[in-house]
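Coordinates in review
For reference, the chains in residue letters:
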Amino acid sequence: MDRKEFRDLATPEEAREAIRSLSLEGGIDRVSLEEARGRVLVARIDAERDVPGFDRASLDGYALRARDTFGADEADPATLELVGEVHAGEEPAVEVGEGEAVEISTGAVMPPGADAMVPVERTDRVERSSTERANGEAVRSDGAAVRIRTAVAPGDNVMFAGADVAAGERALGPDTRITPREIGLLSALGVDEVPVRARPRVGIVSTGDELVRPGDDLADARGEIYDVNSYTIAAGVEDAGGEAVLYPHAGDDQDEMERVLREAADECDLVLSSGSTSASAVDVIYRVIEDRGDLLLHGVSVKPGKPMLVGRLEGDASSGTSAYVGLPGYPVSAMMVFRTFVAPAIREAAGVPEPAAATVEGTMAVRERHEQGRLRLMPVGLVSDGEGETRVYPVDKGSGATTSLAEADGVVEIGADTDYLEAGEDVTVTLFSPDVRRPSLLGVGEDDPTLSRLLDRLENPRYLAVGSRPGLRRLREGVPDVAVVSGPLAVESDAASLGEWSREWGLVVPAGNPAEIAGLADLVDRGLRFCNRTTDSGLRSSLDAGIDELAAKRGVDRQEVVGAIDGFRSTRRAHESPARVVIGGGADAGLGLRSTAEALDLEFVSLGTEVVRAVANPTRVEKSGVRAFAAALEESPEVETDV
């Protein structure tokens, strides 16, 4: 198949215009009140009855005629004869006459003859004597009476029929988003079903032979990976007010891809695919759109997200077309393009308002270069410095790293004509959502089981396991609050020591140690397969020191020892990863920790102990998150803090 080159890249605004030209509306649904929350009305709702439909008491007390209370006060109360009572939900069986009152409950129907009510706290109920008089007239000696200690006017403490909503009145207008309060009004009107905008049905198709649904088994040897995009994009669709429909994976075969996409086009208002959009020989999805629809756009001048498609796609069952947007395959690129271009279109079709603008002003913590020519959407994290000011740092492990967004708080847009953002430069961060909380503590450095347990005791920490060397570098740059380092690495003298602990390091080997490995010499002399850690790791520094010692003992060059170890340059980033390679049969031994071997039921060959040190940015030792971390270190029996 010939390689298809990108067309001229569209500008971001041209991409928005292309998507706006598509029809995403899904029509009208009639839904019950139970299903109405969050939906958008398509027609006006008028009241078909008064609410309330009767005059009702606003408080517990006594219904009466207002003129019978004229002149009543605390010193000279009016005494009225009690002639009955009315409770909520029952029809009054008594009429109020001159000099009479009726006990009444909140919400009960006002009895005939009464035009006001007095709250119970302004009354006294009494048993009458034969000498008592009511309004100048003698009253009977049997029964009860009530003393009214305040005067009221007609209508006081009464909600008249239609006072809330009157019959024929406009209750709710079209395009009203239904929240719990609107549901309350609709319930009061007796409405049990409402016409709302149909949520746009959005079909989601992830492409690629390498994709596997989460929960199924992976074959790493075939390069299989779990499908990230289907689930993250579906969640984004639901947040934007759409209805997400997941379809089976489409492989890289054009016929299969066409079948799945056209099935989705038959059933959905918008089809979103991810992957197979770049200009390579196997990325053929644009050919499907060209053959079975209308390709409006291929490629946008934005980073990440250049390989983006916009068009229309014909279904199999009808002559109509569905809107189509092709997202890049890398998760970060896919979500950034979806968030920037597609989610606003779904919200508009669903009638869901744009989320409240949530932005934060801050300054760049480090200098960040930018390749001109494209708008860049840069994921960033936020951290407060020692003065409480907001510092902004890039979070970018590449478009294929799903944690780039999980570890970020928002996005900084860098214009196409910008070369770089300087450290200290003011920037505006658009948060991923208004409820984003910046971390209480930002830590970087070595990954470690003890550290993980300590972080579990803190509220909303963020820890980036970048390795000891990058952790120290970022601490020097002033980005994090704390750094955690291990092995024989020098720590800046001005860094504030918070605590340290030891861990046993060595070789993780299969259960039973079938190769009978005793130490580093076996890796050098016997051609055993080895899995190493990356050079960023403090554990790797300890290994390098051990190799230097072995080379000196043998009187040979260090490179000779390194060259004799099969797999020395086969590296993994995290402390457990080499052990997983051993479990999978890819190595006879892996660099690791005793705690890892024990957790995975493997054997361990000890090569020594190394110290893990937690140090703080000296300008942030009084920050509350740092103090909480220091307290957790002090309370841990594994940690020595008097250092």
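Figured I'd write up the structure that's included with this text. The shown structure was predicted, so the numbers you read here are calculated from the model rather than taken from an experiment.

**Structural notes on a negative patch on the surface**
Judged by side-chain charge, Asp209, Glu210, Asp253 and Asp255 come together as a negatively charged surface patch. Within the fold, Asp255 resides in helix α4 (residues 254–267).

**Observations regarding the pairing of strand β19 (residues 270–274)**
Here β19 lies mainly inside the structure; five of its five residues are buried. Along β19, one buried face is formed by Leu270, Leu272 and Ser274 and the opposite face, lined by Val271 and Ser273, is buried too. Here five bridges tie strand β15 (residues 201–206) to β19, and the two strands are oriented parallel to one another. Among the inter-strand pairings, Val202 is bridged to a residue of β19, identified as Leu270. Summarising the sheet, β19 and strand β23 (residues 321–327) pair through five bridges and their orientation is parallel.

**Some words on the side chain of Thr176**
Residue position: Thr176 is located in the loop between β13 (170–172) and α2 (180–189). Owing to a relative accessible area of 19%, Thr176 belongs among the buried residues under this scheme. Within the local environment of Thr176, its side chain forms a polar contact with the backbone oxygen of Gly173, the two atoms lying 2.7 Å apart. What Thr176 contacts, discounting residues up to four positions off in sequence, is Arg39, Val40, Leu41 and Glu182.

**Thoughts on the packing of α4 against helix α5 (residues 285–292)**
Across the interface, α4 lies against α5 with an axial gap of 10 Å and an inter-helix angle of 60 degrees. Considered as vectors, α4 and α5 are oriented oblique to each other. Once α4 is placed against α5, the crossing between them reads as right-handed. Between α4 and α5, the contacting residues are Gln254, Met257, Glu258, Leu261 and Arg262 on the first element and Ile285, Arg287, Val288, Asp291 and Arg292 on the second. Each residue belonging to the contact of α4 with α5 can be placed in one class, and the counts come to four nonpolar, one polar and five charged.

Rules behind the numbers
- Residues numbered from 1 in each chain as written.
- Predicted model: local features only at pLDDT ≥ 70, side-chain atom pairs only at ≥ 80, totals over all residues.
- Heavy atoms only, no water.
- Patch = residues over 30% accessible without salt bridge, like charges linked within 9 Å, V, L, I, M, F, W, Y side chains within 5 Å.
- Areas by Shrake-Rupley, 256 points an atom, 1.4 Å probe, with all protein chains shown as cover.
- Salt bridge = Lys/Arg side-chain N within 4 Å of Asp/Glu carboxyl O.
- Lys, Arg positive; Asp, Glu negative; His and termini not counted.
- Charge placed at Lys NZ, Arg CZ, Asp CG, Glu CD.
- Helix = DSSP H or I, 4+ residues; strand = E, 2+ residues; numbered from the N terminus.
- Buried < 20%, exposed > 50% of the residue type's maximum accessible area, 1.4 Å probe, protein only.
- Pairing = 2+ DSSP bridges.
- Polar contact = N/O pair within 3.5 Å; in protein donor to acceptor, adjacent residues only side chain to side chain.
- Contact = heavy atoms within 4.5 Å.
- Axes fitted to C-alpha atoms, helices over the stretch in contact; angles between N-to-C directions.
- Parallel < 35°, antiparallel > 145°, perpendicular 65-115°, else oblique.
- Left-handed = near helix turned anticlockwise from the far one by under 90°.
- Nonpolar A, V, L, I, M, F, W, Y, C, P; charged D, E, K, R; others polar.

These figures come from the coordinates and say nothing about function on their own.
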